[in-house]
Amino acid sequence: MNAVLAVKQYVSKMIEDSGPGMKVLLMDRETTGIVSMVYTQSEILQKEVYLFERLDSANREAMKHLKAICFLRPTKENVEFLIQELRRPKYSIYFIYFSNVISKSDVKSLAEADEQEVVAEVQEFYGDYIAVNPHVFSLNLLGCCQGRSWDPAQLSRTTQGLTALLLSLKKCPMIRYQLSSESAKRLAECVKQVITKEYELFDFRRTEVPPLLLILDRSDDAITPLLNQWTYQAMVHELLGINNNRIDLSRVPGISKDLREVVLSAENDEFYANNMYLNFAEIGSNIKNLMEDFQRRKPKEQQKLESIADMKAFVENYPQFKKMSGTVSKHVTVVGELSRLVGERNLLEVSEVEQELACQNDHSSALQNVRRLLQNPKVTEFDAARLVMLYALHYERHSSNSLPGLITDLKNRGVSEKYRKLVSAVVEYGGKRVRGSDLFSPKDAVAITKQFLKGLKGVENVYTQHQPLLHETLDQLIKGKLKDSQYPYLGPNTLRDRPQDIIVFIIGGATYEEALTVYNLNRTNPGVRIVLGGTTIHNTKSFLEEVTASGFRGRTTESSQVTPRSSSRR
């Protein structure tokens with residue numbers, strides 16, 4: 001189960017099927033992003049695709065010597081644009097591929113518009129999602145719900161994205177969903193409807209153990225997206241932001257022009273592929289090794305080129321040398337900037353307290369540490385508010401809850417009202433009343449013993465003690481112990497065996513920390529394959545935007561005393 005490979009194969013097949021000759025690739029806003037995640041422009045150029053165009057751009061030139069490969073989402077707008085295109089074709093022949101199921105009536109409209117008979121074929125290739133890593137996919141949707149209910153347009157797009165993923169991986173799964181979330185049940189039903197309606201598409205070879213789709217809700221674990229991260233990929237996203245593998249470095253002091261935006265893709269960056277899940281400290285020493293290796297190769301390149309053989313060797317090695325030089329300068333810049341931000345924002349100290357808030361249960365120590373950091377001028381208002389949010393979530397019902405005092409501390413520090421309001425908005429979004437699972441206290445005797453022993457031997461790394469709730473959910477699922485009462489099956493059938501192929505989808509967005517969890521579970525459980533998806537991939541900033549976009553505005557700070565509510569969930 002490899003999401004990157006699935007989309008890559010679709011794109012390769014489109015290009016191959018159009019035969020030899022010069023081609024243009026016509027895409028829309030979303031499919032442009034989908035293709036850019038799995039192929040670089042130079043890789044596609046090698047396949048005789050010399051032009052990349054957007055279907056909706058008005059001033060495209062007519063080029064009758066080019067074949068057009070159209071890869072588009074099956075939206076009303078795209079069908080309309082295509083109809084206009086086919087009435088006045090700009091290219092010699094059209095190969096049309098929709099990224100999802102297209103209605104018969106739309107195909108009929110296209111056929112009627114094709115008076116000049118330029119369309120060679122119309123097919124469905126289900127690359128309708130962003131393949132982030134082989135085991136991670138996203139739909140790049142922010143604010144998918146209004147309150148606790150789906151925004152209808154987002155529900156439709158999510159259903160399409162999720163069913164496309166299933167079709168591209170050739171899986172017809174049984175479905176389980178989080179009972180405490182109305183939107184999880186709703187999405188499960190929508191996916192099931194599509195599978196029933198398009199049963200011929202989902203008629204894959206039966207496996208001994210059917211695949212499983214598990215649908216979860218972000219509000220069950222609002223802690224994970226609020227934490228600072230210390231593994232490379234997650235840290236880059238938290239501090240710099242990753243958008244379709246691109247990182248904007250334009251705000252880095254003294255940045256050179258060619259590094260204002262860099263691409264981090266494990267597909268064609270070996271250093272990134274080998275280091276994306278390692279801790280920041282290890283990255284530092286690996287960067288040093290990369291630099292030294294580069295330096296060792298460098299003098300050879302500057303030797304005198306005396307013979308033809310020397311020149312030939314130089315020309316042959318130059319592309320690799322140039323590529324390596326680009327890799328070195330890119331990672332040195334990124335790691336340097338991460339390092340600068342860690343120092344400037346005092347993130348080691350902040351992160352240690354975040355981890356204490358997420359993993360320990362000592363209220364007085366936590367409160368004391370949060371207060372201490374709120375007094376520290378190096379801590380930004382963003383990080384100060386984040387600490388208070390974590391405190392508010394963990395100690396929401398604690399008898400000595402001191403949230404009003406902390407909110408006042410934020411106000412006295414000059415933290416903007418936007419962030420002060422967000423504290424109660426986050427509790428509204430993912431507080432005790434909403435959660436279906438117990439986020440903070442260990443669940444059984446074994447877990448309590450584990451935590452006790454962990455406390456005795458100390459933690460290998462205080463900055464990465466936290467395990468997302470997803471770890472425990474998937475661990476229980478793999479062992480066949482995930483409770484049907486909390487995660488029921490949709491429909492009458494249940495799985496008798498332990499699942500092997502698991503697709504887990506988080507409404508409201510997944511995180512790179514959860515991607516790391518899935519990566520590790522895949523590594524340590526032979527025979528089990530897990531793919532993680534989300535409506536988006538969050539860092540703290542985007543998660544807070546999600547909370548706001550979902551309509552959780554929070555109360556003004558002065559009246560934001562959290563009153564203990566009765567424990568009945570909605």
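Residues numbered from 1 in each chain as written. Predicted model: local features only at pLDDT ≥ 70, side-chain atom pairs only at ≥ 80, totals over all residues. Heavy atoms only, no water.

Going by what an unreviewed UniProt entry lists, the chain is known as Vacuolar protein sorting-associated protein 45 and is assigned to Aquila chrysaetos chrysaetos. Of the comments in the UniProt record for the chain, the one headed Function (unreviewed entry) reads "May play a role in vesicle-mediated protein trafficking from the Golgi stack through the trans-Golgi network." Regarding the chain, the UniProt comment filed under Sequence similarities (unreviewed entry) reads as follows: "Belongs to the STXBP/unc-18/SEC1 family." (UniProt positions renumbered as here; feature names shortened; annotations may be inferred.)

How do you make sense of the sheet that holds strand S15 (residues 501-507) when you look at a structure like this?
Strand pairing in a sheet relies on backbone hydrogen bonds, with the paired strands running either antiparallel or parallel. The mixed open sheet is built from six strands, whose spatial order is S6-S7-S17-S15-S11-S10. Looking at strand neighbours, the two that pair on one side only are strand S6 (130-133) and strand S10 (174-177), the edges of this open sheet. Sheet twist, expressed as the mean angle between neighbouring strand axes with direction ignored, is 25 degrees. As judged from the three bridges shared by S6 and strand S7 (residues 136-138), these two strands associate in the antiparallel manner. Each residue of the ladder has a partner; that of Ile130, found in S7, is Ser138. Against the sheet, helix H19 (residues 512-524) makes contact with S6, S7, S15 and strand S17 (529-534), and its axis sits at roughly 170 degrees relative to S17, the strand it touches most. (Pairing = 2+ DSSP bridges. Helix = DSSP H or I, 4+ residues; strand = E, 2+ residues; numbered from the N terminus. Axes fitted to C-alpha atoms, helices over the stretch in contact; angles between N-to-C directions. Contact = heavy atoms within 4.5 Å.)

Please clarify how the pairing of strand S5 (residues 119-124) should be interpreted in this entry.
In the case of a regular strand, side chains alternate between the two sheet surfaces. Pairing of strand S4 (residues 93-98) with S5, which is carried by five bridges, proceeds in the parallel orientation. Bridging from a neighbouring strand, Phe98 pairs with Glu124 of S5. Read as a crossover between parallel neighbours, the route from S4 over helix H5 (residues 104-113) to S5 is right-handed. (Right-handed = clockwise from strand over helix to strand, strands pointing away.)

Would you mind showing me how to read helix H2 (residues 29-36) here?
For an α-helix, 3.6 residues make a turn, and residues three or four places apart therefore share a direction. Those residues of H2 not exposed but buried are Thr31, Gly33, Ile34 and Val35. Its side-chain oxygen 2.9 Å from the backbone nitrogen of Glu30, Asp28 forms the N-cap of H2. (Buried < 20%, exposed > 50% of the residue type's maximum accessible area, 1.4 Å probe, protein only. Polar contact = N/O pair within 3.5 Å; in protein donor to acceptor, adjacent residues only side chain to side chain.)

I'm lost on the side chain of Arg176 in this one. Help?
Looking at where Arg176 falls in the secondary structure, it is placed in strand S10. Relative accessible area serves as the criterion here: at 3%, Arg176 is assigned to the buried category. One polar contact links Arg176 to Asp484, side chain to side chain, over a distance of 3.0 Å. Those residues in contact with Arg176, other than ones at most four positions away along the chain, are Leu212, Leu213, Leu214, Ile215, Leu477, Leu482, Lys483, Asp484, Tyr487, Pro488 and Tyr489.

Sorry, what's going on with the environment of Val518 here?
Counting through the fold element by element, Val518 comes out in helix H19. Since its relative accessible area comes to 0%, Val518 is described here as buried. Considering only alpha carbons, one finds Val518 and Val504, 14 residues apart in sequence, at a separation of 9.7 Å. Filtering out sequence-adjacent residues up to four positions away, Val518 remains in contact with His135, Leu470, Leu474, Ile530 and Leu532.

Before we go on, may I ask you to explain the pattern of salt bridges in this structure?
On inspection of all chains with the given rule, the structure shows 27 salt bridges. Linking Glu354 and Arg386 is a salt bridge whose minimum nitrogen-to-oxygen distance equals 3.5 Å. With a gap of 32 residues between them, Glu354 in helix H12 (residues 347-359) and Arg386 in helix H14 (residues 381-394) connect regions that are remote in the sequence. For the pair Glu354 and Arg386, one class covers both residues: buried. Beyond isolated ion pairs, a larger network of salt bridges with shared partners links Glu238, Arg345, Glu354, Asp383 and Arg386. (Salt bridge = Lys/Arg side-chain N within 4 Å of Asp/Glu carboxyl O.)

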